[in-house]
Amino acid sequence: MKLDLKTKLIKVAATVLSGAVTVVAFQNCSGNGFSVDKDFLGQASLGSSNLTIPQVSLVAPIPTLSNSRSLTVNINVITDAQASLQSVSCQLDSAPAMDCTTRQLNLTNLADGDHSLKISATDDKGNSAQERIYNFRIDGTSPVVNISQSPATFTGNTSAEITFTAMDSLSTIGSTTCSRDNGAWTACSSPATLTGLAAGIHSFKVRATDTAGNMSAESMVTWTVDLNAPIMMITAKPAAFSNSKVATFSFAGSSGGVALSSYECSQDGGAYAVCVSPKILSALSEGNHIFAVRGINAVGTRSAAVTAMWAVDTIAPSTPVLSANVTSPTLQTSASISFMATDSGSMVASYQCSLDSAAFAACTSPTALASLSEGAHVFQVRAIDNAGNNSAVGSFSWTVNFMPTVYDGVALYAANCAGCHGALASSAKLNRTAAQIQDSITNVSSMNFLRTLQPGAVDAIAKALVKTSSGLANPFACTPGDTGVSVLRRLTKREYVNTILDLFQGQLSYADISVPLADLQPEFTNKLPSVRVFDSTNPNGMSRQLLDAYIDLSARAADVITANTAKMNAIGGTCISAATVPTDCVSSFLDTFGMRALRRPLTATEKTTFTTLYNSGTSSPDRMARVVQALILAPQFLYKMEDNGTSVNGRADLFQLNSYEIASRLSFGIMGSMPDQELFEAARLGSLNNAAGLQTQVERLFALSKARDGVRSFYSQWLRLDYLPDITVGAAEANGLNLSTFKNDSRQEIVDLMDHLIWTQRSNYKDLMTTSLAIPKSANIASVYGIAPSSVPVSLASPERKGILTRVGMLALDSTGRSNPIKRGVHARIHMLCDPMGAPPADTVNEDTPFDPLASTRDQVAAKTSAPQCMACHSRINPAGFAFENFDGLGRYRVNETVSSNGMLANHPINSTVSPNINSLTDLPVTGAAAFQSAMAESPAGQACFAKQWLQYNTGRDAVASDGCTLSGMYDAVNKSGGSMLEMLKAYTKAPDFLLKKLGPLN
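First, a word on scope: everything that follows refers to the structure included in this document.

Tracing the sequence through the fold places Thr-537 in the loop between α8 (510-517) and α9 (544-562). For Thr-537, a relative accessible area of 10% corresponds to the buried category. A polar contact of 2.6 Å, which involves the side chain of Thr-537, links it to the backbone oxygen of Phe-534.

Turning our attention to the state of the cysteines. On inspection of all chains with the given rule, the structure shows 6 disulfides. Paired by a disulfide, Cys-90 and Cys-100 hold their sulfur atoms 2.0 Å apart. Of this pair, Cys-90 sits in strand β5 (residues 85-92) while Cys-100 sits in the loop between β6 (98-99) and β7 (104-107), placing them 10 residues apart in sequence. For the pair shown, Cys-90 and Cys-100 are each scored as buried. The partner cysteine of Cys-178 in its disulfide is Cys-188, sulfur to sulfur 1.8 Å. With the S-S bond torsion at 70°, the cross-link from Cys-178 to Cys-188 turns out right-handed. Taken as a pair, Cys-178 in strand β13 (residues 173-180) and Cys-188 in the loop between β14 (186-187) and β15 (192-194) lie far apart in primary sequence, 10 residues in all.

The final tally for this structure, using the stated rule, is 3 cavities of 30 Å³ or more. The volume enclosed by the largest cavity comes to roughly 120 Å³. Within the residue set of the lining of the largest cavity, elements represented by two or more residues are α23 (808-811) and α24 (821-832). Per element, the largest residue contribution to the lining of the largest cavity is 3 residues, and it comes from α24.

Taken as a whole, the second largest pocket holds about 1,200 Å³ of empty space. Together, 35 residues line the second largest pocket, and Ala-240, Ala-308, Met-309, Trp-310 and Glu-681 are the ones closest to its centre. Counting only elements with at least two residues in the lining of the second largest pocket, the list comes to β18 (231-236), β25 (287-296), β26 (306-312), α16 (677-685) and α17 (691-702).

Now for helix α10 (residues 565-572). Because an α-helix packs 3.6 residues into every turn, residues spaced three or four apart end up facing the same way. Looking only at α10, the buried set comprises Lys-567, Met-568, Ile-571 and Gly-572. The buried residues of α10 occupy an angular sector of 110° when projected down its axis, which confines them to one face. The inward-facing, buried residues of α10 contact α9, α11 (583-598) and α13 (620-633). Regarding α10, its N-cap is Asn-564, as a side-chain oxygen of that residue lies 2.8 Å from the backbone nitrogen of Ala-566 further along. Where α10 ends, the next residue or the one after it, Gly-573, has phi of about 85°, a positive value.

What follows deals with the sheet that holds strand β31 (residues 367-369). Taken together, the 3 strands give an open sheet; going across it, the order is β27-β28-β31, and neighbouring strands pair in antiparallel fashion. Strands with a single pairing partner mark the edges of an open sheet, and in this sheet they are β27 (321-324) and β31. Mean inter-strand twist for the sheet, computed between neighbouring axes without regard to direction, equals 25°.

Another point: unusual backbone geometry. Here the amide bond leading from Ser-190 into Pro-191 is cis, since omega sits at 0°, within 30 degrees of zero. Ser-277 connects to Pro-278 through a cis peptide bond whose omega is 0°. Of note, Pro-278 is situated in the loop between β23 (273-275) and β24 (279-281). Even without being glycine, Asp-356 reaches a positive phi, approximately 55°. Position of Asp-356 among the secondary structure elements: in the loop between β29 (348-355) and β30 (361-363).

Read across the open sheet, the 5 strands follow the order β3-β9-β8-β5-β6; overall the sheet is mixed. Both outer strands of the open sheet, β3 (65-66) and β6, are each paired with one neighbouring strand and no more. Taken together, the 7 bridges between strand β8 (residues 113-123) and strand β9 (residues 132-138) define a ladder with antiparallel strand orientation. Opposite Lys-118, over in β9, you have Ile-133 as the bridge partner.

With that out of the way, let us pick up the packing of aromatic side chains. Scanning the model with the defined rule gives 26 aromatic pairs in all. Note on Phe-249 and Trp-310: the rings are 5.0 Å apart at their centroids and 65° apart in plane angle, and the pair reads as edge-to-face. Remark: Trp-310 occurs in strand β26 and Phe-249 occurs in strand β20 (residues 247-255); sequence separation between them is 61 residues. Between Phe-714 and Phe-946 the ring centres are 6.3 Å apart and the planes differ by 45°, which places this aromatic pair in the tilted class. Residue Phe-714 is located in helix α18 (residues 705-718), and its partner Phe-946 is located in helix α28 (residues 940-955); the two are separated by 232 residues in the primary sequence. In this structure Phe-714 comes out as buried when scored by relative accessible area, which is 2%. For Phe-946, a relative accessible area of 2% translates into the label buried.

Here is a general trend for soluble globular proteins: nonpolar side chains tend to be buried in one another's company. Counting residues in hydrophobic clusters, the biggest one holds 123 residues, and the most contacted among them are Phe-504 and Phe-702. Sequence-distant contacts of Phe-504, that is, excluding residues within four places in its chain, are made with Ala-557, Ile-561, Ile-571, Phe-593, Val-628 and Ile-632. Counting residues in each nonpolar core, the second largest holds 21 residues, with Leu-71, Val-88, Leu-110 and Ile-119 among its members.

Next up on the list: the pattern of salt bridges. Scanning the entire structure with this criterion turns up 32 salt bridges. Put simply, Glu-264 and Arg-302 hold a salt bridge, and the shortest N to O gap is 2.8 Å. Linking Glu-264 in strand β22 (residues 262-267) with Arg-302 in the loop between β25 and β26, this pair joins segments that are 38 residues apart in sequence. A relative accessible area of 43% means that Arg-302 is categorised as partly exposed.

Cut-offs and rules
- Residues numbered from 1 in each chain as written.
- Predicted model: local features only at pLDDT ≥ 70, side-chain atom pairs only at ≥ 80, totals over all residues.
- Heavy atoms only, no water.
- Helix = DSSP H or I, 4+ residues; strand = E, 2+ residues; numbered from the N terminus.
- Buried < 20%, exposed > 50% of the residue type's maximum accessible area, 1.4 Å probe, protein only.
- Polar contact = N/O pair within 3.5 Å; in protein donor to acceptor, adjacent residues only side chain to side chain.
- Disulfide = S-S within 2.5 Å.
- 1 Å grid on protein atoms, 1.4 Å probe; cavity = no way out; pocket = protein on both sides within 12 Å on 5 of 7 lines; lining within 4 Å.
- Points joined across faces, edges and corners; volume = space filled by probe spheres on them.
- Arc of directions from axis to C-beta.
- Contact = heavy atoms within 4.5 Å.
- Pairing = 2+ DSSP bridges.
- Axes fitted to C-alpha atoms, helices over the stretch in contact; angles between N-to-C directions.
- Phe/Tyr/Trp six-rings, centres within 6.5 Å; stacked < 30°, edge-to-face > 60°.
- Core = buried A, V, L, I, M, F, W, Y, C linked by side-chain atoms within 4.5 Å.
- Salt bridge = Lys/Arg side-chain N within 4 Å of Asp/Glu carboxyl O.

Laid out in structure tokens, this is it:
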């Protein structure tokens, strides 16, 4: 029975716990007073009259932590079945109790922090429920995230470490998430490490969520990764020449698209210092200056320096010196006035002229004046240099008078010259030209007093001096305003090699092109004596074989340059090797390298053509290679092109060269190569079109080492030094000479001696033909001369060793071991005296003239050439050769000659006495090589030939009568008192003809 009751009680408890509102009251069914355990019902014993007290519970639990400031609480109250609910009371924290009988409590505006909710209930029996207390926390405040470490605003680092902290005062941090460069949010922790950052702007954001569910605001940092070197440019600078001692430079730079804020400047190579734009330089000295600026970006990377060069010139040009083709008074109503000023700074750029007080206007020298009225005239000129400085005014005054002045040359000579030079009939200065007399008046101090003589008076004296007796009167007739026909010339192999190496400015070596260069064979040699002695007289046609060689060479050169980025950048600038080359970079490349290749600025059409060719390439190296190859295959590169420029005096066949053509004539004539940068700059400025500017460049070029190479090429070809033979004779005949080095030793001695005579001693032609100097560096050459080797000039004691033609190399020139009077004579007549020599007549070439094989060499030659048809030439050839018979085939001096034939020997004394036949058949006899060369030196023929050879070397054609003015000036330069071979070489550029191009008839 007791067990059944307990079962029923468990069922009742189960009913209560299932949410029944009323508890069924059980009567005490047991006499022993059994009561229900509090564990089951949570109330007093069932033995009471009110078996239970109200029970308070919540429909849903209150979260212990919430981020909501509002809370709805639904309350359950369970009362005994015998009682009913009287009231429900609620109290939040320490606030007054609230009536919750409705069993629902709405809480709002809850403050952050901890809270306590107390709930109690009372039934109508007066029973009060046990007070229920619910503790909970409100956290409606978001966490705070702070980034404590992040990259600098600008950095060159491709990785970054970012440190951050998240804090919450009421709850703990539940999670942190991060976003890189606005990407997806992912879980993260501090520190966050970022790697592989690309150049550009980057961002990093972090946020935190607390355990209450609050999310923080995003904390963000941004920075820029700058991996580029800064880019700099000078936006404003002075002109190339300035007459101000103040210069202002503006500049700007950027890095990664951001303007730079820090710059460093350097003046004239000095230390760099912080600067701002614009930078003003003051108190500048005269002369060249350089300004350099570099920028520094935010990460501390410095740019390459950009520079600007200019020259300060505040000094005015010299006062122009004027000369005119008229004297005062004159009958002429026209005049041509030449003028020249010099400027040591920026060079003379232009002139302004005024006639008879008219306004000054631009003019050039010479200025032609016409329709002059009778009376006094004044011509004034001032020079303006490239910096804008004006010179003082120079002037020339003369009078047009229709009453002519007649000069009496005989009377003028008697009054001014006879006191020093004797009576006219026996004067020591017969046949002096007006030019020679005027030169002496200018340069010989004892004759300076005659400077007041008018040109007409000097002409009259020269005419009075013309006599039939021989002398060194200038043999060339000058007809002003004319010149020889200009020949279109292809570059010789020598010029081609020099030019292509100079064009690439050290980026291309001889070894780079040596293989294809071997196929570029000279088309002309002067191995045999010939009037055409120089390589410049090569045929100018273009054979297929020659074109193929040029193509191979150009391809090789282009490959070498474009296979190396540094070489590309050296000739095209750093932009030329970029993956994407800017248009202005290509244009600049054509303006610099293209201009140098064609030796003049490219035309607009040419630039378009080459730009189109460049753009057809597939990569930067390929595009550059195409243009480089095309430029050095262009006719303007391979040939010395001269366009038909400004017509001279309206003639259809005579033109004035432009400045770039003048530059090429100068450079190829003097150095055997293309113009250098300074010469190009002179051409650009137009300073080569005036005499002063031209001669400034002539003097500069002749001072360069390349000029020595160019002049060495001239005299090596003139003297045929490249064709010295290999001599093979027996040991007995060699007599101790080392024949394996004999050719090179003898050639080197001539080169050393010629260099000394031309450049160091400044010798004239007479010195060349009578010198006693030798430079026998080798034991070979020294033994021939019978002296010790010497690397400095020594004077040979033997009187027979005077003159260049008695040096070993010249004596062995056409030797096979024995002397050869015919070849020696031909060389002297053709190359040294410029005698025209035709080929031997056809009917005598193979004639076998009887001669004694044991006779002397001279007698054998005389016998072989005795036929009348031979003597037309051999009357001149033989004497020149016989005069050198005192020297054997190896250049050794001898007084006897041993001849052998068929095992028999004969010994003959040398006969070197000849009638030179230089001026005429009536020349007085001379004995030996020294005397023969002295006769050449005293004859106008030798010096005239020397002048012709230099002209032919430069022009690539024979000298003609219309070259008379040029040749006359060259002749005077070497023949005058104090003249020299070097002055003659320079004189070629001083002739007005040098600036002219004459067209010939079409073939």
